[in-house]
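Reading the structure
What follows is each chain in one-letter form.
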Amino acid sequence: MAVRHSYRGFTLAEVVLAVGIMGVIILLISSVFISGLYNIKKSKYRITALNIVDKKLSELKNLPLSDNIIPADDINSSIYGADTVTGNLTWGSSSTDITVQGNEHINNIPYRYTINISEYNNPADDPNNIKKVNIEVKWKDTQGGEKSVRTITLLARPKKIY
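A brief report on the enclosed structure follows. (Residues numbered from 1 in each chain as written. Predicted model: local features only at pLDDT ≥ 70, side-chain atom pairs only at ≥ 80, totals over all residues. Heavy atoms only, no water.)

Examining the overall build of the protein
Here is the rule we go by: Only DSSP runs of H or I reaching four residues or more are called helices, and only runs of E reaching two or more are called strands; each is numbered from the N terminus. Exposure is judged per residue with a 1.4 Å probe applied to protein chains only, and the accessible area is read against the type maximum: over 50% gives exposed, under 20% gives buried, and values in between give partly exposed. Two residues qualify as a contact provided that any one of their heavy atoms is within 4.5 Å of a heavy atom in the partner residue. Surface exposure here means Shrake-Rupley accessible area, sampled with a 1.4 Å probe, where a residue is shielded only by the protein chains that are shown.
In terms of regular secondary structure, the protein is built from 2 helices and 7 strands. The order of α-helices and β-strands along the protein, N terminus first, is α-β-α-β-β-β-β-β-β. The buried share among the 162 residues of the protein stands at 29%. Of all intrachain contacts in the protein linking residues separated by at least 6 positions in sequence, the fraction that spans at least 24 positions is 42%. Accessible area for the protein stands at about 11300 Å²; split by element, carbon and sulfur atoms hold 57% of it.

A word on the pattern of salt bridges
The condition is simple: Only one rule defines a salt bridge in this text: a Lys or Arg side-chain nitrogen within 4 Å of an Asp or Glu carboxyl oxygen.
On inspection of all chains with the given rule, the structure shows 6 salt bridges. We note a salt bridge from Glu-136 to Arg-150, for which the minimum N-O separation is 3.2 Å. Here Arg-150 lies in strand β7 (residues 146-156) and Glu-136 lies in strand β6 (residues 130-140), a separation of 14 residues in the sequence. Each of Lys-55, Lys-56, Glu-59 and Glu-104 takes part in a single network of salt bridges with overlapping partners.

Side note on the nonpolar core
So the rule is basically this: The set of buried Ala, Val, Leu, Ile, Met, Phe, Trp, Tyr and Cys residues whose side-chain atoms join them within 4.5 Å is what this entry labels a nonpolar core.
Ranked by internal contacts, the top residues of the largest apolar core, which has 29 residues, are Ile-75, Ile-79, Val-100, Tyr-111, Ile-115 and Val-137. When contributions to this core are tallied by element, the ones reaching two or more residues are α1 (12-61), α2 (72-78), β2 (82-85), β4 (98-106), β5 (109-119), β6 and β7. At 6 residues, the largest contribution of residues to this core is made by α1. Excluding residues within four positions of it along the chain, Ile-79 makes contact with Lys-56, Glu-59, Leu-60, Val-100, Tyr-113 and Ile-115.

Structural notes on the environment of Arg-150
Heads up, the rule is: In protein, a polar contact requires one atom able to donate a hydrogen and another able to accept it; more generally it is a pair of N or O atoms within 3.5 Å, and residues adjacent in sequence count only if both atoms are side-chain atoms.
With 37 residues separating them along the chain, Arg-150 and Tyr-113 place their C-alpha atoms 9.6 Å apart. The residues contacting Arg-150, other than those within four sequence positions of it, are Asn-134, Ile-135 and Glu-136. For Arg-150, the side chain forms a polar contact with the side chain of Glu-136, separated by 3.2 Å.

Let's talk about the environment of Lys-61
Its location among the elements puts Lys-61 in helix α1. Lys-61 sits 94 residues away from Leu-155 along the chain, and the two C-alpha atoms are 7.9 Å apart.

Looking at α1
Put simply, the rule is: Expected helix span is computed as 1.5 Å times (number of residues minus one).
Between its terminal C-alpha atoms α1 stretches 74 Å, which fits the 74 Å expected from 50 residues at 1.5 Å a residue. Taken together, the buried positions of α1 are occupied by Tyr-45, Thr-48, Ala-49, Ile-52, Val-53, Lys-56, Leu-57, Glu-59 and Leu-60. In this structure, the buried residues of α1 make contact with α2, β4, β5, β6 and β7.

Let's talk about the side chain of Lys-56
Secondary-structure assignment places Lys-56 in helix α1. Of the residues examined, Lys-56 reaches a relative accessible area of 0% and is grouped as buried. Residues contacting Lys-56, with those up to four places away along its chain left out, are Ile-79, Tyr-80, Glu-104, Tyr-113, Ile-115 and Ile-135.

Brief notes about the sheet that holds β4
Rules: Paired strands, as defined in this entry, are two strands with at least two bridges between them according to DSSP. In this analysis an axis means a line fitted to C-alpha atoms, helices contributing only their contacting stretch, and an angle means the value between N-to-C directions, from 0 to 180 degrees.
With antiparallel pairing, 5 strands are arranged side by side in an open sheet as β2-β4-β5-β6-β7. Of all the strands in the sheet, the pair left with one neighbour each is β2 and β7. Across the sheet, the axes of successive neighbouring strands diverge by a mean angle of 15 degrees, strand direction being ignored. Pairing analysis gives 8 bridges linking β5 to β6, with the strands arranged antiparallel. Bridge pairing in β6 places Arg-112 opposite Lys-138. Running at roughly 150 degrees to β6, α1 makes contact with β4, β5, β6 and β7 of the sheet.

Function cannot be inferred from these measures alone, as they are strictly geometric.
Pasting the structure below:
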């Protein structure tokens, strides 16, 4: 009596189909991974820009805000990376708007910032003289487009205690 062996395996069509399905799955997973890395990089640039905004605001708060006039040279030396300051920071009726512009390079990425300081309301109505501070940071993203973050806040002159 002869013993019959049944050798069953996969056909060529089944193998090609399985390899095709695996290829599509690997392609989808790799595209999600690459997209995630790109988004992490974009977030890193944005967080760095927000840190620059926070740093510039801290540098403004460290100015002698109780002085009636803060000269442009003092502002320029107190704010890291400042290239231009358009005027003196003054309190009271002779108050004018000023602009500070500068650059910072972090991780080989150039960030350009602009700080605009203007009167928030009528100085005659408010003895504390509140200033409106607008800080904008710009940079080039990985695809060459320009991105920016902007923060608007208020800065008050400290009250003198007698």
